[in-house]
Amino acid sequence: MDLNKLSLIFKIIIIAIVYIIIFLALRIMYKDIKGGGKKNKRRNRKSFGLEVINAGNNSNLRKGAVIPIHGEISVGRKSGNFIVLDDPYASGYHARIFLKNNDCILEDLNSTNGTLLNGNKLKGRKYLNSGDEITIGNTSFKVIR
């Protein structure tokens, strides 16, 4: 094979690679444009939060404040909790609130004085609805959506 034929083959290969790169870039951009609506659907998922109804003796909480629930929230007296309560009736790790399959669940963690859900003592886990009231010691929260 002479050098001219080999040079022509390399030119064709390089041009083909450039066209493939352009095609892949355009395909990625097209998917980004078409997939833009999917992100909005994820954002429109129902989200939960806790509105502070009664802050009790807690200086870190104020009435009317909203605490968003993303994943899991632990509540108790120890500093390792997401919400730390300065309340003698709260256990070290009193309760947890977590999301599962777009539902919000409250679980009492075998606390000494118990967790009240709408005025009733909670045993185990319960699904939460908007408007439910959670009471731990002197502190109470309302579930909002």
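Conventions we followed
Residues numbered from 1 in each chain as written. Predicted model: local features only at pLDDT ≥ 70, side-chain atom pairs only at ≥ 80, totals over all residues. Heavy atoms only, no water. Helix = DSSP H or I, 4+ residues; strand = E, 2+ residues; numbered from the N terminus. Rg over C-alpha atoms; globule rule 2.2 N^0.38 Å. Contact = heavy atoms within 4.5 Å. Lys, Arg positive; Asp, Glu negative; His and termini not counted. Charge placed at Lys NZ, Arg CZ, Asp CG, Glu CD. Pairing = 2+ DSSP bridges. Core = buried A, V, L, I, M, F, W, Y, C linked by side-chain atoms within 4.5 Å. Buried < 20%, exposed > 50% of the residue type's maximum accessible area, 1.4 Å probe, protein only. Phe/Tyr/Trp six-rings, centres within 6.5 Å; stacked < 30°, edge-to-face > 60°. Lys NZ or Arg CZ within 6 Å of the ring centre and 35° of its normal. Salt bridge = Lys/Arg side-chain N within 4 Å of Asp/Glu carboxyl O. UniProt positions renumbered as here; feature names shortened; annotations may be inferred.

Undergrad: Sorry if this is basic, but what is going on with the overall build of the protein here?
TA: A tally of helices and strands in the protein yields 2 helices and 11 strands. A compact globule built from 145 residues should have a C-alpha radius of gyration of about 15 Å, whereas the protein, at 28 Å, is more than 25% larger. Considering only C-alpha atoms, the protein reaches an extent of 90 × 30 × 30 Å along its principal axes. Considering only intrachain contacts with a sequence separation of at least 6, the fraction spanning at least 24 residues in the protein is 37%. Considering the protein, the positive charge centre built from 24 side chains and the negative charge centre built from 11 side chains are found 9 Å apart.

Undergrad: How should I be thinking about the sheet that holds strand S10 (residues 133-136) in this particular structure?
TA: The strands making up a sheet associate through hydrogen bonds between their backbones, and the pairing can be parallel or antiparallel. The antiparallel open sheet is built from 6 strands, whose spatial order is S2-S1-S11-S10-S7-S8. Each edge of the open sheet carries a strand with a single partner, namely strand S2 (66-69) and strand S8 (120-121). Pairing of strand S1 (residues 48-54) with S2 involves 4 bridges; the strand directions are antiparallel. Bridge pairing in S2 places Phe48 opposite Ile69.

Undergrad: Sorry if this is basic, but what is going on with the nonpolar core here?
TA: Side chains of a nonpolar character, in soluble globular proteins, are inclined to be buried together. Of all hydrophobic cores here, the largest spans 24 residues; its most connected members are Leu50, Ile83 and Ile134. Listing elements by their share of this core, those giving two or more residues are S1, S2, strand S3 (72-76), strand S5 (95-100), strand S6 (103-108), S10 and strand S11 (139-144). The element that contributes the greatest number of residues to this core is S1, accounting for 3 residues. Sequence-distant contacts of Ile134, defined by excluding residues within four places in its chain, comprise Leu50, Ile97, Leu106, Thr115, Leu116, Leu117, Leu128, Thr139, Ser140, Phe141 and Val143.

Undergrad: Please explain the packing of aromatic side chains as it appears in this structure.
TA: Centre distance and the angle of the planes are the two values used to describe a pair of aromatic rings. Across all of its chains, the model carries 0 aromatic pairs by this definition. The ring centre of Phe98 lies 4.0 Å from the NZ or CZ of Arg96, which sits over that ring.

Undergrad: Help me understand the sheet that holds strand S4 (residues 83-84) in this model?
TA: Spatial strand order, S4-S3-S5-S6-S9: 5 strands in an open sheet with mixed pairing. The two strands at the open ends of the sheet, each matched to only one other strand, are S4 and strand S9 (125-128). Direction of pairing for S3 relative to S4: parallel, over a ladder of 2 bridges. When the sheet's bridge partners are listed, Gly76 is paired in S4 with Val84.

Undergrad: Any chance you could explain the pattern of salt bridges here in plain terms?
TA: If the charged atoms of two oppositely charged side chains come close together, the side chains can form a pair. All told, the structure shown has 3 salt bridges when counted by the stated rule. With a closest N to O distance of 3.5 Å, Glu107 and Arg125 form a salt bridge. With a gap of 18 residues between them, Glu107 in strand S6 and Arg125 in strand S9 connect regions that are remote in the sequence. Look at Arg125 and you get partly exposed, because its relative accessible area is 46%.

Undergrad: Would you explain the environment of Asn110 in this entry?
TA: Assignment of secondary structure puts Asn110 in the loop between S6 and strand S7 (116-117). C-alpha of Asn110 to C-alpha of Phe82: the two residues are 28 residues apart in sequence and 18 Å apart in space.

Undergrad: In this structure, what is going on with the UniProt feature "transmembrane region" (unreviewed entry) in the protein? I would like to understand it.
TA: The UniProt record marks residues 6-30 with the feature "transmembrane region" (unreviewed entry), using the residue numbering of this structure. For residues 6-30, helix accounts for 100% and strand for 0%, while the C-alpha atoms at its two ends are 36 Å apart.

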